[in-house]
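Residue strings, one per chain:
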Amino acid sequence: MSFKSLGLTESLVKAVNHQGYDTPTSIQVKSIPPVLEGKDVLASAQTGTGKTAGFTLPLLQLLSQKQPLRKRPVRALILTPTRELAAQVHQNVKDYGKFLDLRSTVIFGGVSQKSQVSTLRNGVDVLIATPGRLIDLNNQGLLSLKHIEILVLDEADRMLDMGFLRDIKKIMGLIPKQRQTLLFSATFSKDIRKLANEFLNNPVSVESTPENTTVEAIKQKAYRVAKAKKTDLLIKLISEGDWEQVLVFTRTKHGANKLVKKLEAAKIGAAPIHGNKSQTARTKALAGFKNGSIKVLVATDIASRGLDIPLLPHVVNFELPNVSEDYVHRIGRTGRAGASGLAISLVSADETVFLRDIEKLIGEKIPKEVLEGFEPDPNASTKPFNPQQRRQKSRRKSK
Ligand code: AMP
């Protein structure tokens, strides 16, 4: 897995490589794609997991893709509990942003505000701050928070422990409601959840896998199989593997519906989740999945984005995506704290090219297997199902 495959631009990949890193950590794999998509993210990650780059890299990318406003008001605010952490995060912002035309600064208490104020006056895009000094400067009219587009609460649990809740709430009142919010916390106490409920909008939940900090924690495997045997193979894998729950991806809405019907006929509780389903139906499917009454959730790529689906031990690609980046999003759904996840792909002859494209993107070969009784069809064509769609770059709107 590479930083490029997560959707980061060359300038950022180069900067991160300059720091000596070429493999993203688990929290980076999980948080970078949804942040790039503009989603709110609720992340559970301790120090040492690479969490800072997990929010800094996509944040810098989003800012660099837009023209800075005249006078350069602050567009991204990163709140940290301590000065030390603020300084450390600022160093990361400088390191990762060194090939971008973005300005950043850090403000915290205990030192003279003079130089902090003059840097702010010259305009900065990213501000890293501790809550006290931020409110102080705002009260003095020396800082405007009206143009904030992205807010990061780093080590939110520590901020609450240190009694910053009132300050956080006050700051929330000073920045636009229309914004992207990222909350990083080592633990998820009741208070953190309350904070997230109040200030995050339909967040994607991600968690790092502390014992295995890279995406290598996700085991990948592909079964070559005849198209007509895919459903039976999936049923076999679910029942013989004793899987409790699995998220299955199909390429189309119709495919998702069809698969759910077949799974139900085999007495396996399943529900589809895709763009044609009403919000109520989606919420119901998701609730059923979360409470365990539904074993298999069958999703299309677009529908699965932004859904608060818990991380699962197994993810199955019933069909490979024709946009390789979607593969990375999909497999990022597996892997749980401390346990490794398994991402299985069922590949028919006409998907061979997609598999090759994916391997090229992730920079590794996916181990392939054939199961007895589920062999690929020797007469099937290896031509992709729709050649026009194959190297399609733009996201499909139809799903
Ligand atoms: P953090 O959890 O953000 O405090 O990061 C912990 C340490 O991991 C810092 O020294 C980072 O520079 C380092 N780090 C960040 N990303 C990576 C990576 N992809 N591979 C190895 N180390 C990293």
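Along each chain, residues carry numbers from 1 onward, in the same order as the chain's sequence is written. Residues qualify for local features only when their pLDDT is at least 70, as the model is predicted, and side-chain atom pairs are given and counted only at 80 or more; totals for whole chains, interfaces and linings, by contrast, use all residues. Hydrogens and water molecules were not included; the side-chain quantities draw on all heavy atoms of the structure.

Draft legend 1. Focus on the overall build of the protein chain. In this description a helix means any DSSP run of H or I spanning at least four residues, a strand means any run of E spanning at least two, and both kinds are numbered starting from the N terminus. Scanning the protein chain from terminus to terminus reveals 15 helices and 14 strands. Here's how the labels work: a residue is buried when its accessible area is under 20% of the maximum for its type, exposed when over 50%, partly exposed in between, all with a 1.4 Å probe on protein chains only. Every one of the 399 residues in the protein chain was classed for burial, and the buried ones make up 55%. Note on contacts: a residue pair qualifies if any of its non-hydrogen atoms lie within 4.5 Å across the two residues. For the protein chain, long-range pairs separated by at least 24 residues make up 75% of all intrachain contacts whose partners lie at least 6 apart in sequence. Surface accessibility in these figures is a Shrake-Rupley result with a 1.4 Å probe; residues are shielded only by whichever protein chains are displayed. As displayed, the protein chain has an accessible area near 18,100 Å², and 48% of this comes from carbon and sulfur atoms.

Draft legend 2. Just the site of the ligand, in detail. Here a residue is near a molecule or strand as soon as one of its heavy atoms is found within 4 Å of it. Taken together, F3, Y21, T23, P24, T25, Q28, T47, G48, T49, G50, K51 and T52 are the residues near the ligand. Each polar contact in these results corresponds to two N or O atoms within 3.5 Å; when the atoms are within protein, one needs to be able to donate a hydrogen and the other to accept it, and residues that are neighboring in sequence are counted only if both atoms are side-chain atoms. A distance of 2.4 Å separates an oxygen atom of the ligand from a polar atom in the side chain of Y21. In the complex, the protein chains occlude 70% of the 500 Å² of accessible area that the ligand would expose alone. For this classification, Asp, Glu, Lys and Arg are treated as charged, while Ala, Val, Leu, Ile, Met, Phe, Trp, Tyr, Cys and Pro are nonpolar and the rest, including Gly, are polar. Residues of the shell around the ligand, tallied by class, amount to 3 nonpolar, 8 polar and 1 charged.

Draft legend 3. Layout of the packing of helix α2 (residues 26–36) against helix α3 (residues 51–64). The interhelical angle for the contact between α2 and α3, taken along N-to-C directions, is 25 degrees, at an axis separation of 8 Å. One finds that α2 runs roughly parallel with respect to α3. Here α2 and α3 pass one another in a crossing that is right-handed. In contact with I27, Q28, S31, I32, V35 and L36 of α2, α3 contributes K51, A53, G54, L57, P58, L59, Q61 and L62. Axis definition: a line fitted to C-alpha atoms, limited for helices to the stretch in contact. Angles are taken between N-to-C directions and run from 0 to 180 degrees. For this classification, under 35 degrees means roughly parallel, over 145 means roughly antiparallel, 65 to 115 means roughly perpendicular, and everything else is oblique. Whether a crossing is left-handed or right-handed is set by the direction in which the near helix is turned from the far one by less than a right angle, anticlockwise for left-handed and clockwise for right-handed.

Draft legend 4. The arrangement of the pairing of strand β2 (residues 76–79) in detail. Burial along β2 is two-sided: the face carrying A76 and I78 and the face carrying L77 and L79 are both buried. Bridge analysis of β2 against strand β4 (residues 126–129) gives 4 bridges, and the strand direction is parallel. Counterpart to A76 in the pairing with β4 is V126. Direction of pairing for β2 relative to strand β5 (residues 150–153): parallel, over a ladder of 4 bridges. By the bridge assignment, L77 is partnered in β5 with L151. When DSSP finds at least two bridges between two strands, those strands are taken to pair.

Draft legend 5. Expanded view of helix α6 (residues 131–139). Listed as buried for α6 are P131, R133, L134, I135, L137 and N138. Taken together, the buried residues of α6 touch β2, β3 (104–107), α5 (114–121), β4, α7 (156–161) and α8 (165–174). Backbone geometry just downstream of α6 places G141 in the positive-phi region, at approximately 75 degrees.

Draft legend 6. Layout of the sheet that holds strand β1 (residues 41–44). Judged by pairing direction, the sheet is parallel, and its 7 strands sit side by side in the order β3-β4-β2-β5-β6-β1-β7 without closing on themselves. Looking at strand neighbours, the two that pair on one side only are β3 and β7 (204–207), the edges of this open sheet. Strand after strand, the sheet turns through a mean of 15 degrees between neighbouring axes, direction not considered.

Draft legend 7. Local environment of the packing of aromatic side chains. Classification of ring pairs rests on two measures: the distance between centres of Phe, Tyr or Trp rings, Trp counted by its six-membered ring, which must be within 6.5 Å, and the angle between planes, read as stacked under 30 degrees, edge-to-face over 60 and tilted in between. Throughout the structure, instances matching the rule amount to 1 aromatic pair. Relative to F184, the ring of F55 has its centre 5.0 Å away and its plane inclined at 65 degrees; by these criteria the two rings are edge-to-face. Of the two residues, F55 sits in helix α3 while F184 sits in strand β6 (residues 180–185), which places them 129 residues apart along the sequence. Lying over the aromatic face of F99, K14 brings its terminal NZ or CZ to 4.2 Å of the ring centre. Geometrically, a lysine NZ or arginine CZ counts as sitting over a ring once it is within 6 Å of the ring centre and also within 35 degrees of the ring normal. For the cation-ring pair, K230 lies above F318, with the distance from its terminal atom to the ring centre recorded as 5.8 Å.

Draft legend 8. Seen up close, the sheet that holds strand β14 (residues 368–369). Strand order in this open sheet of 7 strands is β10-β11-β9-β12-β13-β8-β14, and the pairing throughout is parallel. At either end of the open sheet lies a strand with only one pairing partner, and these are β10 (270–273) and β14. As defined by bridge partners, strand β9 (residues 246–249) adjoins strand β12 (residues 314–317) across 3 bridges and the pair is classed as parallel. In the strand pairing of β12, V248 is matched with V316. Helix-sheet contacts for helix α10 (residues 230–240) involve β8 (218–224), β9, β11 (296–299), β12 and β13 (341–347), and the interaxial angle to β13 is about 160 degrees. Strand contacts of helix α14 (residues 324–331): β8, β9, β12 and β13, with the helix running at about 155 degrees to β12, the strand carrying the most contacts.

Draft legend 9. Main features of the pattern of salt bridges. The salt bridge definition used is simple: a Lys or Arg side-chain nitrogen within 4 Å of an Asp or Glu carboxyl oxygen. Applying the stated criterion across every chain, the model contains 16 salt bridges. A salt bridge links E359 to K368, with the shortest nitrogen-to-oxygen separation between them at 2.8 Å. The exposure class assigned to E359 is buried, which follows from its relative accessible area of 8%. K368 gets classed as partly exposed once you look at its relative accessible area, which sits at 36%.

Draft legend 10. Expanded view of the packing of α3 against helix α4 (residues 83–96). One way to put it is that α3 packs onto α4 with a least axis distance of 10 Å and a crossing angle of 45 degrees. What the angle tells us is that α3 and α4 run oblique. Considering how the two elements wind past one another, α3 and α4 form a crossing that is right-handed. On the side of α3, the interface is formed by T52, A53, F55, T56, L57 and L60, while α4 contributes V89, N92, V93 and Y96. For the contact of α3 with α4, the class distribution of residues is 7 nonpolar, 3 polar and no charged.

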